[in-house]
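Chain residues, written in single-letter form:
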Amino acid sequence: MPASSAEVLAMPGRRSLWPPLAAFALLGLAALLLSVTLGSASLSPGDVWAVMRGEGSPLARTLILELRVPRALSAFATGGLLAMAGALMQVLLRNPLADPYVLGLSGGASVGALAAMLAGLGGAVISGSAFAGAFLSTLLVFGLAHGTGSWTPSRLLLTGVVVAAGWGAVITLMLAISPAERLPGMLYWLMGDLSYARSPWPPLALLLLICLLLAPLGRSLNVLARGPLQAAALGINVRPLEWTIYLTASVLTAMAVTTAGSIGFVGLVVPHMLRLVLGNDQRLILPACALAGGILLVLADTLARTLIAPEQLPVGVITALLGVPTFLFLLYRSR
Amino acid sequence: MTTSTPAVRPSSVSTSAGKGRFGGALGPAAFSCALLALTLSGPVAGEAHADAICAIDDHDREVCLDQPAERIAALSPGATELVYAAGAGEKVVAVVAFSDYPPEARDVPSVGSHTRMDLETLVTRTPDLVIGWVTGNPPEQLETIEALGVPVFYIEPRDFEGVSSAIERLALLAGTREEGDQVAAEFRQGMAALAERYADAEPVPVFYQVWDEPLMTVNDEHLIGKVLTLCGGINVFGELSRLVPRIGDEAVLEADPEAILAGGMGEENRDWLTHWQQYPELTAVRRDNLYFVPPSLIQRPTPRLLEGSRLFCERLDDAREQR
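Residues numbered from 1 in each chain as written. Chains lettered and ligands numbered in written order. Predicted model: local features only at pLDDT ≥ 70, side-chain atom pairs only at ≥ 80, totals over all residues.

Across its full length, chain A carries 15 helices and zero strands. Over its C-alpha atoms chain A spans a radius of gyration of 20 Å, differing by no more than 12% from the 20 Å that the globule rule assigns to 335 residues. Here chain A holds 335 residues, and 50% of them are scored as buried. A separation of at least 24 residues holds for 76% of the contacts in chain A among residues at least 6 apart in sequence. (Helix = DSSP H or I, 4+ residues; strand = E, 2+ residues; numbered from the N terminus. Rg over C-alpha atoms; globule rule 2.2 N^0.38 Å. Buried ≥ 20, exposed ≤ 12 C-beta atoms within 10 Å, placed from the backbone. Contact = placed C-beta atoms within 7 Å.)

A word on the domain arrangement of chain B. Residues and elements named next belong to chain B. Along its sequence, chain B is organised into domain 1 (11–186) and domain 2 (199–321). Facing the 11 residues of domain 1 at the interface are six residues of domain 2. Looking at the side of domain 1 that touches domain 2, the elements with two or more residues in it are α3 (77–88) and α6 (160–174). Of the residues assigned to the side of domain 1 that touches domain 2, the class counts are seven nonpolar, two polar and two charged. (Domains from an automatic or database assignment. Nonpolar A, V, L, I, M, F, W, Y, C, P; charged D, E, K, R; others polar.)

Grouped together as the largest cluster of nonpolar side chains are 185 residues, with contacts concentrated most on M84 and C289 of chain A together with I72, V83 and I131 of chain B. Each of two domains, domain 1 (11–186) and domain 2 (199–321) of chain B, supplies a minimum of three residues to this core. Filtering out sequence-adjacent residues up to four positions away, I72 of chain B remains in contact with V83, A88, K91, V92, V93, P127, L129, I131 and A174 of chain B. (Core = buried A, V, L, I, M, F, W, Y, C linked by C-beta atoms within 7 Å.)

Now for the sheet that holds strand β13 (residues 290–292) of chain B. All names here are of chain B. Reading across the sheet, the four strands line up as β11-β10-β12-β13 and stay open at both edges, with parallel pairing between neighbours. The open sheet terminates on both sides in strands that have one partner only, identified here as β11 (233–235) and β13. On average, each strand axis in the sheet is inclined to that of its neighbour by 35°, with strand direction left out of account. Sheet strands in contact with helix α8 (residues 223–230) are β10 (204–209) and β11, and its direction is about 145° off that of β11. (Pairing = 2+ DSSP bridges. Axes fitted to C-alpha atoms, helices over the stretch in contact; angles between N-to-C directions.)

Here the focus is the packing of helix α6 (residues 124–146) of chain A against helix α12 (residues 238–260) of chain A. In a packed pair of helices, the relevant descriptors are the angle between the two axes and the axis-to-axis distance. All names here are of chain A. Where α6 contacts α12, the axes come no closer than 9 Å and their chain directions differ by 155°. It follows that α6 is roughly antiparallel to α12 by the angle criterion. Like other packed secondary-structure pairs, α6 and α12 cross with a definite hand, here right-handed. Facing S127, A130, F131, A134, F135, T138 and F142 of α6, the residues of α12 in contact are Y246, S250, T253, A254, V257 and T258. A class-by-class count of the residues in the contact of α6 with α12 yields eight nonpolar, five polar and no charged. (Parallel < 35°, antiparallel > 145°, perpendicular 65-115°, else oblique. Left-handed = near helix turned anticlockwise from the far one by under 90°.)

What follows is the structure, given as structure tokens:
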């Protein structure tokens, strides 16, 4: 494709960015409100409104401010992080199957978290151990893919997939030798579950920070998405940009996995869905991913904790059950 | 809703482990200063009152209540049984799935599975004491409950004395010592009587089958392993390092137990035992020492363990008679 058409494609009118983002922001607010209103304990919208005005019974305040709001915000942040990481990975690897976990990040994080659970450690240690595992995996994949030869997306992808398979084997081994009473906790972690979430502020802050940092890079990302040669021809310094994307996506994923375990599917499907609807402009797709990923996970988590309450479902199951038919429908219609 | 929140009642949990874990509560509390004060009131009021009721839990933490617990949430089927045994059954306001004994416990509202509780339902039941399970409940959720101001008393009896001690401590916290201490003493005496009776019994090499696929047994550290030892049995896999080792048929053939006891799920489970009849060279098969023992009597560290132990000992007596 000639460079000029890439240039044209990379620069749609500036005004067109805002309406979809505003719509997603409104939807996000609505999803958060819905999630705070719904729960296994029945509170009327009136109760919720009273609590928001600083009134309401102490029980309603505990339910909403201590349990539902932190969890809904954690879900929003985690979904946003995963979807953005997925969008970045798809640009970096130029492969539609790329997702935040494809490079073994969730595998490394899972091994870290499960090792902490096996050792009988709880709480913050599990999160820290998961974070360490995710970063070990990042370094491992990057170091090996770099190797002695050149650094290509397909080489990175292949290294990541093989490292991920290795982590998978370690996970299976750990599950096989773990005591029966620890198994349920480990399985829930592997399926992704927001009851692990602690304070929602670190993931939310990271999400906002990365959104702002990536905003000026949108145009370069658009060009890079069309291939490194064209990007270089258009004056983009490709190598540092690729490094930045890789490290950013790793940090995003590590934070998401640390917050709520390994929730699959969001990172793969949300960016694709948005591209089908909004077109492939990274300046729009990245912030839209942050919002739409958040919306999907907030809704999925609301279902996970209310569908068969008081029993709780792992949210990863719900994201897949919601996302698969929606995605297939969009894909079918887009032909 | 007129019930008071659990955090309103002054209560305290002092912990030697010194957990600095209020980060999770501080974030949301930024919404409201009142809540912040609520959340922190627990540790601030940490000085135990002269008349406070204190007990050490199985995490070695001292849990103090200003007055006997009135609304107890038991977060494992075993804990439910122990609270009922301690005479505080009427104070149980929340249980988890599979809390089927005593039968009254089935009518108490459930807060979901012990591996993943529905905290909203739990909070709505406004407990003033939560009985947690050290290895069974997710630590994050128990920490959240404590951050909400509800004291958590962790239990996990690992031996016979642990069962009696747990009942006594629960009875102390619930203010039902009269009944609880008696139940604890009966259990302690019953187990001591069994121990005395079987102290000099002929040893019987035993294989206890927890599950069939994968084939699982217990080691000597496990409560069931301890029951086997009590009855004069010798657990052929007692030396294995894992609490619930996964083994194969070959290991059983090599160990050649004199008796095979099987538990598993449900109250009748002969299938597991017929599996062994394909190996007539096993001593246990030759002498027909294949026994089913209802697992409900033996799988939880509760007073029912005494009845289960008696059954175990009788089966081993049967095996001795086949000699």
